[in-house]
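Tertiary structure, described
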Amino acid sequence: MTVLTCKLPEALNHRLETAARKRRVAKSRLVREALEAMLAESSAGRPPSLHERMAGACGMIRSGVKDLASNPAHLEGFGAD
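Everything in this summary refers to the structure shown in the same document. (Residues numbered from 1 in each chain as written. Predicted model: local features only at pLDDT ≥ 70, side-chain atom pairs only at ≥ 80, totals over all residues. Heavy atoms only, no water.)

Before going further, it helps to spend a moment on the overall build of the chain. In terms of helices and strands, the chain carries 3 helices and 0 strands. In the chain, the succession of α and β elements from N to C terminus is α-α-α. Taken over C-alpha atoms, the radius of gyration comes to 19 Å for the chain, far larger than the 12 Å a tight globule of 81 residues would show. Considering only C-alpha atoms, the chain reaches an extent of 55 × 30 × 25 Å along its principal axes. The 81 residues of the chain split such that 7% are buried. Roughly 7600 Å² of accessible area belongs to the chain as shown, and the carbon and sulfur atoms make up 59% of that amount. On the chain, the mean spot of the 13 positive side-chain charges and the mean spot of the 9 negative ones are 11 Å from each other. (Helix = DSSP H or I, 4+ residues; strand = E, 2+ residues; numbered from the N terminus. Rg over C-alpha atoms; globule rule 2.2 N^0.38 Å. Buried < 20%, exposed > 50% of the residue type's maximum accessible area, 1.4 Å probe, protein only. Areas by Shrake-Rupley, 256 points an atom, 1.4 Å probe, with all protein chains shown as cover. Lys, Arg positive; Asp, Glu negative; His and termini not counted. Charge placed at Lys NZ, Arg CZ, Asp CG, Glu CD.)

With that out of the way, let us pick up helix H1 (residues 10–23). An ideal rise of 1.5 Å per residue puts 20 Å on 14 residues; H1 measures up with 20 Å between its terminal C-alpha atoms. Every buried residue of H1 is listed here: Asn13, Leu16 and Ala20. Down the axis, H1 shows its buried residues gathered within 60° of arc, on one side only. Exposed side chains of H1 directed beyond 90 degrees from the buried face belong to Glu10, Ala11, Arg15, Arg21 and Lys22. Where H1 ends, the next residue or the one after it, Arg24, has phi of about 60°, a positive value. (Expected span 1.5 Å × (residues − 1). Arc of directions from axis to C-beta.)

What is shown is where atoms sit, not what they do.
The following block contains the structure:
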């Protein structure tokens, strides 16, 4: 991974530190996520989708059901009849 050094105004650094502490992640991770979101939005000409925003959290919770996405029985009662 490449290292990037930048200067931040004190107020922005304080906000970054507060957000990192709240989420219990490194400041560098928050900066990477913010850059990814900003670049995705500017290159696509649209705001990022919920999936794009939540990509880091996808798959974090295990349901215990191994075929949840592939077994039609798990979809009974959802959607149009």
